[in-house]
Protein chains: 2
Amino acid sequence: MNTMISAGNPLTFTGNPLDRAENQRLDADWVAARLLDPKSRLLPYRNFEPFIRDGRLGWLDATDIGGIAGFPWVLLGIEGDSAKFAVDLGAKADIAGGEFQDARTVAAFLPLEESAIVAQGKSLLDWHARHGFCAKCGAPTRLAKAGAQRICTAESCKAEHFPRVDPVAIMLVTRTDARGDYCLMGRQPRFPPGMYSALAGFIEPGESLEEAVAREIWEEAGLRVRDVRYMKSQPWPYPSSLMIGCRAIADDDKLTPDMNELDDLQWFTRDQVKAVLSGDKSLNFFVPPRFAIAHHLLRDWAEDS
Amino acid sequence: MNTMISAGNPLTFTGNPLDRAENQRLDADWVAARLLDPKSRLLPYRNFEPFIRDGRLGWLDATDIGGIAGFPWVLLGIEGDSAKFAVDLGAKADIAGGEFQDARTVAAFLPLEESAIVAQGKSLLDWHARHGFCAKCGAPTRLAKAGAQRICTAESCKAEHFPRVDPVAIMLVTRTDARGDYCLMGRQPRFPPGMYSALAGFIEPGESLEEAVAREIWEEAGLRVRDVRYMKSQPWPYPSSLMIGCRAIADDDKLTPDMNELDDLQWFTRDQVKAVLSGDKSLNFFVPPRFAIAHHLLRDWAEDS
């Protein structure tokens, strides 16, 4: 099913055209038949980087790589009568006719729906690679439900494990005074020099989205906010986050940055943000590129006036 | 920090008054001092059920249970100069003066902010209990960062593991025709007889919230929807979900229920929902109680007119 239903500018890594086949994937016979079906296609990954050929996803037949026995694989879904799989060929893979490229790099040129498939495959293969053992008892696990699960192989345990999705709150804090409108952006030490972005943090057990937003802004900026509002969301395959984009309003302008997390934190005017988004290179800062939800939160706010 | 910032009727398990002390909990010396501090308080759990005394959380001094060495524990946060911990005393715990009670039961009578603490402690202790081993290499893990992390004890691995929060989309599908307004509710086989609720499902890797909503409704009801809209969210400690409540609009009324997941699926009129929420016992269905977000999604819609 094509679920491209987001309003406004589409977000990279959304728009996946595949039907995830939630019921069929429970049927081991159906899955086994798809693995041998000449209509099925495989997307190979090396170190979680997808195989690209002529600027598009490098789908292969199972026979092109001598089958996928022995390699970790997952069912991505079905499209018409063709099942699509992702397969992790390990660090030494080499396939003629194309190359393995980083997910961020390919997101810049792939059609939106192909970027979404890259994200889905990367998140799932990465999870399987890091979950070969049972967190409950330490025994080896095995892949089940076409990659939608792993099961502990110890007869005494048999615990079921499911791929993680880690919800992250990312929020644009805004403020208005007599002179104009402002938004809050900070710099994590790992950012390239000059880059500022919206604040963000993992949602913790036992808190709502709205509470997580308020907590993060309190911790990172020392600021109280009101009127937390959901804006849009984006899957983010590093390794498997769900970015939940919000806005929140601050009445106060005084910042107490958390210097453990940030190396700078500033209010930016709407005009500054408009200028940087329109490509003005004379400013002494820049913001994340179009493939990140932070860019869209900023653009939506800049165009709000 | 008190982050009770949700609009409208407050949701059970939200309103946690504790400051999670994200920075202090990284300081092992600070944490060790809090464990020995007579101002600190412990909330004991047995089988993930909190200790209740006189209808309130049964906070104890460390000395009341002979210290917490040997039991799994987590820092919940700080309130003023008192650190609060949750401790898992195992299946055989027995403490005079109160009793261990199920989180759903206590949510019905505890003040909102205490229900939130119950949820936080239950989700965290449950995660620690199921993650004593490293999913990456199978070696034992140890608790770190006051319970906000586990670390693999194998020198060759040292993988860091973080508590899970599993985002779940829960959605009220609505439809309008010349005769009135309808919402869609289904029955999972495990529900008590007569109970109907909003559809829900785990968000999968590589999809946005909006895509997850559309996929679930397509899979469970065979229905296409538009205009997915975020409404509110609730932490749900079974064991550690984040319920993300949405609405979506259907134009078609034809249902194709997924009988693997549901044993019934129906459209209900606004009048029926209003009646059942006002306590009308003459109807042949009922809906989840006030402590569940589904109740609030229904009530908000019923009162929308």
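Just so it is clear, the structure is predicted and the values come from calculations on it, not from any experiment. (Residues numbered from 1 in each chain as written. Chains lettered and ligands numbered in written order. Predicted model: local features only at pLDDT ≥ 70, side-chain atom pairs only at ≥ 80, totals over all residues. Heavy atoms only, no water.)

Things to note about the overall build of chain A
- Looking only at helices and strands, chain A features 6 helices and 15 strands.
- Seen through its principal axes, chain A has C-alpha atoms that stretch 65 × 50 × 35 Å.
- Per-residue burial for chain A yields a buried fraction of 57% across its 305 residues.
- In chain A, 62% of the contacts between residues at least 6 apart in sequence involve partners at least 24 apart.
- Carbon and sulfur atoms make up 50% of the accessible area of chain A, which amounts to about 12900 Å² in all.
- Across chain A, the centroid of the 35 positively charged side chains sits 2 Å from that of the 43 negatively charged ones. (Helix = DSSP H or I, 4+ residues; strand = E, 2+ residues; numbered from the N terminus. Buried < 20%, exposed > 50% of the residue type's maximum accessible area, 1.4 Å probe, protein only. Contact = heavy atoms within 4.5 Å. Areas by Shrake-Rupley, 256 points an atom, 1.4 Å probe, with all protein chains shown as cover. Lys, Arg positive; Asp, Glu negative; His and termini not counted. Charge placed at Lys NZ, Arg CZ, Asp CG, Glu CD.)

Quick word on the sheet that holds strand 8 (residues 149–152) of chain B
All names here are of chain B.
- Read across the sheet, 3 strands follow the order 7-8-9 without closing on themselves; strand pairing throughout is antiparallel. Each of the sheet's edge strands pairs with one partner strand only, and the pair in question is strand 7 (141–144) and strand 9 (160–161).
- Examined bridge by bridge, strand 8 and strand 9 share 2 bridges and lie antiparallel to one another. Looking at strand 9, one finds that Arg 150 is bridged to His 161. (Pairing = 2+ DSSP bridges.)

Some points on the relation of the copies chain A and chain B
- Least-squares fitting of chain A to chain B yields an RMSD of 0.0 Å, with the transformation described by 0.0 Å of translation along the axis and a rotation of 180°. The symmetry that links the two subunits is that of a two-fold axis.
- Mapped onto chain B, 100% of the interface residues of chain A again fall at the interface, so both copies present the same surface. (Least-squares fit on C-alpha atoms with pLDDT ≥ 70 in both.)

Quick word on the confidence of the model for chain A
- When pLDDT is averaged across chain A, the result is 94; 97% of the residues are at 70 or more.
- Scored as a complex, the prediction yields pTM 0.96 and ipTM 0.95. (pLDDT = per-residue confidence, 0-100.)

Looking at helix 5 (residues 270–277) of chain A
Residue and element names in this part refer to chain A.
- The set of residues buried in helix 5 consists of Arg 270, Val 273, Ala 275, Val 276 and Leu 277.
- Packing partners of the buried residues in helix 5 comprise strand 11 (180–187), strand 15 (264–269) and helix 6 (293–302).
- Of the residues one or two after helix 5, Gly 279 is the one with positive phi, at around 95°.

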